[in-house]
Amino acid sequence: MDQNDAMKALDSVRETDRALERRARWPLWRHAAFGALEALLLLAWGVPLAAMAACIVIALGGLWWIVADDRRRYGMFVSGYSSRAALPATWLALAIVLSGLVALVLTGGPNQWTPYVLPVVGTVFVGCTLASIWWEKLYRAELRQGGVQ
């Protein structure tokens, strides 16, 4: 392989990154769906056992639906852990969910509905939705700057 072949290959990789960056756009409802699934998993902690099971099943079904829908619409599903530059947003979403869980544990324990459940779950929904939007911005910037490591 000579230097020209190597340069052509590198240019091809850069063009692929640019094409992926143009495709890596998700609508607001998709970010909100992520926030809703995280909130639903947290809600499971604050409801009676039968409702807890239903929340978990619905959340897992929602996750399956998101993966399938992303693959059908965009030809790909991008995991939150697939981008090194976007990891801060992924870790933020995890911290939001874990903080919500701690808040629910400290205010009522498992399977106990308290006045804190809805505000905590609502906060997790908004926080995770915003973290997802931030993740997309970081991911696209990484692709523009030379691709996912």
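In the block above lies the structure referred to throughout.
Residues numbered from 1 in each chain as written. Predicted model: local features only at pLDDT ≥ 70, side-chain atom pairs only at ≥ 80, totals over all residues. Heavy atoms only, no water.

**Remarks on the side chain of T114**
Right, on to step 1. Following the sequence through the fold, T114 ends up in the loop between α4 (87–107) and α5 (117–144).
Right, on to step 2. Assessed through its relative accessible area of 13%, T114 is described here as buried.
Right, on to step 3. Contacts of T114, omitting those with residues within four sequence positions, involve T107 and G108. (Helix = DSSP H or I, 4+ residues; strand = E, 2+ residues; numbered from the N terminus. Buried < 20%, exposed > 50% of the residue type's maximum accessible area, 1.4 Å probe, protein only. Contact = heavy atoms within 4.5 Å.)

**Looking at the packing of aromatic side chains**
Right, on to step 1. Throughout the structure, instances matching the rule amount to five aromatic pairs.
Right, on to step 2. Aromatic side chains W26 and Y74 sit 6.3 Å apart centroid to centroid with 70 degrees between the ring planes, which places their arrangement in the edge-to-face category. Taken together, the residues W26 in the loop between α1 (3–23) and α2 (28–43) and Y74 in helix α3 (residues 49–74) connect sequence positions 48 residues apart.
Right, on to step 3. According to the relative accessible area criterion, W26 is buried, its value standing at 10%. (Phe/Tyr/Trp six-rings, centres within 6.5 Å; stacked < 30°, edge-to-face > 60°.)

**Focus: α2**
Right, on to step 1. Relative to the 22 Å expected for 16 residues at 1.5 Å per residue, α2 spans 22 Å between its end C-alpha atoms, a close match to the ideal helical length.
Right, on to step 2. Along α2, the residues classified as buried are R30, H31, A33, G35, L37, E38, A39, L40, L42 and L43.
Right, on to step 3. Along its buried surface, α2 packs onto α3, α4 and α5. (Expected span 1.5 Å × (residues − 1).)

**What about the environment of Y139?**
Right, on to step 1. Within the secondary structure, Y139 is located in helix α5.
Right, on to step 2. By relative accessible area, which is 4% here, Y139 ends up buried.
Right, on to step 3. Between the C-alpha atoms of Y139 and R84, which are 55 residues apart in sequence, the distance is 8.4 Å.

That is the geometry; function is a separate question.
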